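Residue-level structural notes
Residue strings, one per chain:
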Amino acid sequence: MVSVVEAAQTILDRAHPLGTEMVPLTQARGRILAEDITAGEDLPGLPRSSVDGYAVIAGDDADKLEVLEEVTAGRLAHEQVRRGTAVRIMTGGTLPPGADAVVMVEEVEETNGHAVLQHHPRSGENVHPPGMDLTQGQHVLSAGSRLGSAEVGLLATVGCVDVPVWRRPRVAVLATGDELVEPEETPPPGSVRDSNRYALIAAAQEAGAEVVWHAHARDEEAALEEAMRQGLQKADVLLTSGGVSMGTRDLIKPILERMATIHFGRVSFKPGKPLTFASSSEGKLAFGLPGFPVSSLVTFEVFVRPALLRLGGATNVLRPRVDVELEHEIRTDAVRPEYQRAVVRWQDGRFIAKTTGLQSSSRLMSIVGANALLELAASGETLPKGTMVKALLLANL
Ligand code: AMP
Ligand code: MG
């Protein structure tokens, strides 16, 4: 049995980015940038007014300034501003030569082509100097970063329209178990609807992967082996659920052993001790996730998600970790570190955590609505209300 840290390291050591492709800007959101990006020009290229007003020479103490012309965004001035003159200028307009400040329109009285300033600006007032937002040659985005709206805007700003991104990992999902029926069916006595297949498809998609194949197989050796070979052939990563514990119909491990190298088959982790990890000679990864719905999703979150992000080229693959205060007492496991599902909120200057109730590994309702996993070290002791513990943040609070 390996520790959480050993298991996570073993997995990440075998997860390497898969290659790159180009996508248009409109399809770049959520993708991982494959190259560093630099700015080709200064932005702004010329000094620019940040307000609607009058471009003047700071320190010009003439009573009235002759208004020479009007400059709007995208058009350059024809005239040079000298003492005793001004140019009406709109937001984003390029400062006329000679001027070094802009007085806001609210602070100017203009009559008969002459402006009277009610405010005397200092040099540079309301002016964005060249290179204020970006300078030529500046490194603006790093390879490995996730592209959100601001990053996409920046790519457009620097003229990067074909965006180099890492290829998304291809994932195959195989649910196993004789007791499973399709979600549209009414389960006969002793059966349950297959929820893991759909939960894992969603989890893989949330992690930026492309789910290329999914299926259900019964607990029969030949059928299982055939399905697992198919999944592994079609994808970079195979996720199976169920069939990895100690029961007589738990056949995944011996089959996996025939098509890949198993690196570990048990982790000191709750929920999901039987998590199994293997890699093929071609470098494909296979995860045998436990069957209980909560165990399969929590092991996905802690062990599979970082691997998918790394395969997809991301540098930052870990969730943020914060200190939280328990709102109620919690009994810890005596042997395995436990990842309890919780709702964390910010209150009176600190994070407060409340678990989602019964933490049974079959109870999906213990994950629904959770925004954090509490990392509880194994001691067998009861942590009193008010104890500080570490939490992995799963979503925005
Ligand atoms: P196993 O690890 O195969 O023994 O499965 C453990 C428990 O998880 C079983 O009792 C099943 O009821 C449940 N289970 C396994 N696979 C699924 C699935 N795909 N969807 C929902 N529940 C499952
Ligand atoms: Mg089973």
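One can find the structure itself at the top, above this paragraph.
Structural notes, computed from the coordinates. All residue numbers refer to positions counted from 1 along the written sequence of the respective chain. Labels are handed out in written order, letters beginning with A for the chains and numbers beginning with 1 for the ligands. Given that the model is predicted, a residue must reach a pLDDT of at least 70 before its local features are reported, and side-chain atom pairs must reach 80 or more before they are shown or counted; all residues, however, enter totals for whole chains, interfaces and linings. The basis for every side-chain value is the complete set of non-hydrogen atoms in the structure, without hydrogens or water.

As for the overall build of the protein
Assigned secondary structure in the protein consists of six helices and 27 strands. On C-alpha atoms alone, the protein measures out to a radius of gyration of 30 Å, which is more than a quarter above the 21 Å that the 2.2 N^0.38 rule sets for 397 residues. Taking the principal axes of its C-alpha atoms as reference, the protein extends roughly 95 × 50 × 40 Å. Burial status follows relative accessibility: with a 1.4 Å probe on protein chains alone, a residue under 20% of its type maximum counts as buried, one over 50% as exposed, and anything between as partly exposed. The 397 residues of the protein split such that 47% are buried. In the protein, once contacts between residues fewer than 6 apart in sequence are set aside, the share between residues at least 24 apart is 68%. Method for areas: the Shrake-Rupley scheme with a 1.4 Å probe, in which residue coverage is limited to the protein chains shown. Per element, the accessible surface of the protein, about 19,100 Å² overall, is 50% carbon and sulfur. Where helices and strands are cited, they refer to DSSP runs of H or I of at least four residues and of E of at least two residues respectively, numbered from the N terminus. Atoms counted for the radius of gyration: C-alpha only. Globule rule: 2.2 Å times the number of residues to the power 0.38. Any pair of residues with heavy atoms lying within 4.5 Å of one another is described as a contacting pair.

Here we look at the side chain of Ser280
Of note, Ser280 is situated in the loop between β19 (276-279) and β20 (285-289). Judged by its relative accessible area of 10%, Ser280 is buried. The contact partners of Ser280, leaving out residues within four places of it in the chain, are Met259 and Ala260.

Description of the pairing of strand β17 (residues 237-241)
Burial analysis of β17 places five of its five residues in the buried class, the great majority of the element. Here β17 shows no split at all, with Val237, Leu239 and Ser241 on one side and Leu238 and Thr240 on the other all buried. One requirement defines pairing of two strands: DSSP has to find at least two bridges between them. As defined by bridge partners, strand β13 (residues 170-176) adjoins β17 across five bridges and the pair is classed as parallel. Paired with Ala175 across the strands is Ser241, a residue of β17. Both β17 and β20 contribute to a ladder of five bridges, which runs parallel.

Comments concerning the environment of Glu184
Positionally, Glu184 belongs in the loop between β14 (180-181) and β15 (192-193). Using a relative accessible area of 67% as the deciding quantity, one classes Glu184 as exposed. Glu184 sits 179 residues away from Val5 along the chain, and the two C-alpha atoms are 39 Å apart.

Observations regarding the site of ligand 1
Neighbouring residues are identified by heavy atoms, a residue being near a molecule or strand if any of them is within 4 Å of it. Around ligand 1, the surrounding shell holds 17 residues, and the nearest of these are Glu179, Asp194, Ser195, Gly243 and Gly291. Pairs of N or O atoms within 3.5 Å make up the polar contacts considered here, provided that, within protein, one atom can donate a hydrogen while the other can accept it, and that residues adjacent in sequence are counted only when both atoms are side-chain atoms. Between ligand 1 and Asp194 there is a distance of 2.8 Å, counted from a nitrogen atom to a side-chain nitrogen or oxygen. In the environment of ligand 1, a nitrogen atom lies 3.3 Å from a nitrogen or oxygen atom belonging to the backbone of Asn196. Burial of ligand 1 by the surrounding chains reaches 80%, relative to a free accessible area of 480 Å². The method works on a 1 Å grid over the protein atoms by themselves. A cavity is a set of points holding a 1.4 Å probe that cannot get out, a pocket is an open set with protein on both sides within 12 Å along at least five of seven lines, and residues with an atom within 4 Å of a point line them. What decides whether a molecule sits in a cavity or pocket is whether more than half of its atoms lie within 2 Å of the grid points. At a threshold of 2 Å from the grid points, most atoms of ligand 1 map onto the largest pocket. Among the elements of the structure, β13 and β15 are those that each provide at least two residues to the shell around ligand 1. Under the scheme applied here, ten amino acids are nonpolar (Ala, Val, Leu, Ile, Met, Phe, Trp, Tyr, Cys and Pro), four are charged (Asp, Glu, Lys and Arg), and all others, including Gly, are polar. Residue classes in the shell around ligand 1 are distributed as five nonpolar, eight polar and four charged.

Digging into helix α1 (residues 4-12)
Considered for burial, the residues of α1 that qualify are Val4, Ala7, Thr10, Ile11 and Leu12. Looking at the packing, one finds that the buried side of α1 touches β18 (261-264), β19, β20, α6 (293-311) and β23 (338-347).

Some details on the sheet that holds strand β4 (residues 53-56)
Adjacent strands of a sheet pair through backbone hydrogen bonds, lying either parallel or antiparallel. Within the open sheet, the six strands sit side by side as β7-β4-β6-β5-β9-β8. Their pairing is mixed. Among the strands making up the open sheet, the edge pair consists of β7 (101-104) and β8 (108-111). Mean inter-strand twist for the sheet, computed between neighbouring axes without regard to direction, equals 40°. Judged from the three bridges that link them, β4 and strand β6 (residues 85-89) form a sheet pairing that is antiparallel. Its bridge partner being in β6, Gly53 is matched across the sheet by Ile89. In this analysis an axis means a line fitted to C-alpha atoms, helices contributing only their contacting stretch, and an angle means the value between N-to-C directions, from 0 to 180 degrees.

Describing the layout of surface pockets
Grid points are joined across faces, edges and corners, and a volume is the space filled by probe spheres set on the points. Reported here for the largest pocket is a volume of approximately 680 Å³. Lining the largest pocket we find 37 residues, and of these Gly242, Ser245, Pro290, Gly291 and Phe292 sit closest to its centre. Secondary-structure elements contributing two or more residues to the lining of the largest pocket are β15, α6 and β23.

Structural notes on the pattern of salt bridges
One side-chain nitrogen of Lys or Arg within 4 Å of one carboxyl oxygen of Asp or Glu is enough to make a salt bridge. For the coordinates displayed, the defined rule picks out 19 salt bridges. As a salt-bridge pair, Glu21 and Arg31 come within 2.8 Å of each other at their nearest N and O atoms. One end of the pair, Glu21, is in strand β1 (residues 20-24); the other, Arg31, is in the loop between β1 and β2 (37-38), and ten residues separate them in sequence. Among the residues examined, Arg31 registers a relative accessible area of 11% and is labelled buried. The salt bridge involving Lys390 is made with Asp323; its shortest N-O contact spans 2.6 Å. In this pair, Lys390 is assigned in strand β27 (residues 388-393) and Asp323 in strand β21 (residues 321-326), connecting sequence segments 67 residues apart. What emerges from the salt-bridge pattern is a single network uniting Glu221, Glu225, Arg229 and Arg258.

Let's talk about the nonpolar core
Among the nonpolar cores identified, the biggest contains 37 residues, and Phe287, Phe300, Phe303 and Leu308 are the most heavily contacted of them. Take this core: its biggest share by element is ten residues, from α6. Residues contacting Phe300, with those up to four places away along its chain left out, are Leu200, Ala203, Ala204, Ala207, Leu239, Arg305, Pro306 and Leu308. We call a set of buried Ala, Val, Leu, Ile, Met, Phe, Trp, Tyr and Cys residues a nonpolar core when their side-chain atoms join them within 4.5 Å. In this structure, Ala172, Leu232, Ala235 and Leu251 belong to the second largest nonpolar core, which totals 20 residues.

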